[in-house]
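Residue-level structural notes
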Amino acid sequence: MDQYKNDSADKGSPWLWAPSHNTSITWLTQIKSYAMEMVATLVFTFLLVLSVVSASIASGDTAVRSILVGLVGFGSYYMVTGWLRKPDSELPRHAGWLVTVSQVAVFRFGILHGLFYLVAQFLGAIIAAALLFGLGDGGNPERWIPQLADTVGRAWLAEIIGAFAIIFSLLYNHMAGVPTDDEDKHRRDGEVMASAMRGVATLVFFRLGHWSFEPVVYLAGLFASGYNG
């Protein structure tokens, strides 16, 4: 009830339109938010998957390649989520399905905004995949998508642990111990910690063949490979 307090009914239902239910946001700003979310996802997935390709064809030590991909994962997500929002009412950058779903689940992002974001993120991943396909070897999917280093169970476990660490870091540093009205001041803290945790998770699991921790990243690599299995 505290999260969804709304003094003006004409601003829209908070269940559908949070966080814009308590602010004045134009349709043009909403459309810009969705377009920027698509661009953010495109840049993030393109750079991350391309770094995996570069690491896979390099002859250096596995630890060095893990550091490369981890730094790109951290830096690219930090960059795209930190793009300035102008005007201030513009919606934040998520650059991933799991972030959007988690924000909806904790009632910080409206369902309709969430649906538009999921579509925008998918389009960004598809465009990134098209660019990657044009640059890479479509006949070698092992360069593009996470491989099962051992068993399916352990593969799922690695993805779950990595995704949990990223999303928990994002939500905890954004929301924990903060009054609802002041949460927006700490949004960047959550984005920074999620970026850092993505880098850490990649360092831990890349040598086992896992680095996506996010559906749009996996799909970008999958479609870029032209892999139909």
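Look up: the structure comes first, before these words.
Residues numbered from 1 in each chain as written. Predicted model: local features only at pLDDT ≥ 70, side-chain atom pairs only at ≥ 80, totals over all residues. Heavy atoms only, no water.

Brief notes about the packing of aromatic side chains
Put simply, the rule reads: Any pair of Phe, Tyr and Trp rings, taking the six-membered ring for Trp, is counted once the centres come within 6.5 Å. Such a pair is stacked with planes under 30 degrees apart, edge-to-face with planes over 60 apart, and tilted for the rest. Going along the chain from the N terminus, every DSSP run of H or I of four or more residues is numbered as a helix, and every run of E of two or more is numbered as a strand. Note on classification: 1.4 Å probe, protein chains only; a residue is buried when its accessible area is under 20% of the maximum for its type, exposed when over 50%, partly exposed between these limits.
Counted according to the given criterion, the structure contains 11 aromatic pairs. A centroid spacing of 6.2 Å and a plane angle of 85° characterise the contact between Trp 17 and Trp 27, whose relative ring orientation is edge-to-face. Of this pair, Trp 17 sits in helix α1 (residues 14-17) while Trp 27 sits in helix α2 (residues 27-57), placing them 10 residues apart in sequence. Looking at Trp 27, the relative accessible area reads 60%, which means it is exposed. On the basis of an interplanar angle of 25° and a centroid distance of 5.5 Å, the ring pair of Phe 164 and Phe 168 is categorised as stacked. Separated by 4 residues within a single helix, Phe 164 and Phe 168 lie in helix α6 (residues 152-175), roughly one turn from each other.

Comments concerning helix α4 (residues 97-105)
Note the threshold: This arc describes the spread of directions from the helix axis toward the C-beta atoms. The contact definition used throughout considers only heavy atoms, calling two residues in contact when any of these lie within 4.5 Å.
Every buried residue of α4 is accounted for by Val 99, Thr 100, Ser 102 and Gln 103. Buried residues in α4, looked at end-on, bunch into an arc of 165°, giving them a common side. Buried residues belonging to α4 abut α3 (62-81), α5 (111-135) and α6. Immediately downstream of α4, the backbone of Phe 107 shows phi near 65°, a positive value.

Re the nonpolar core
The condition that has to hold: Note on terminology: a nonpolar core comprises buried Ala, Val, Leu, Ile, Met, Phe, Trp, Tyr and Cys residues joined through side-chain atoms within 4.5 Å.
Counting residues in each nonpolar core, the largest one holds 33 residues, and the members touching the most others are Phe 44, Trp 211 and Val 217. Examining the composition of this core, we find that 8 residues originate from one element, α2, more than from any other. Judged by nonpolar contacts, the second largest core, of 6 residues, contains Trp 17, Ile 25, Tyr 34 and Leu 91.

Remarks on the pattern of salt bridges
Selection criterion: Salt bridges are identified by distance alone: a Lys or Arg side-chain nitrogen within 4 Å of an Asp or Glu carboxyl oxygen.
Applying the stated criterion to the full structure yields 6 salt bridges. For Glu 90, the salt bridge identified is with Arg 93, shortest N-O distance 2.6 Å. A salt bridge links Asp 184 to Arg 187; the shortest N-O distance between them is 3.0 Å. On the accessibility criterion, Asp 184 (44% relative accessible area) is partly exposed.

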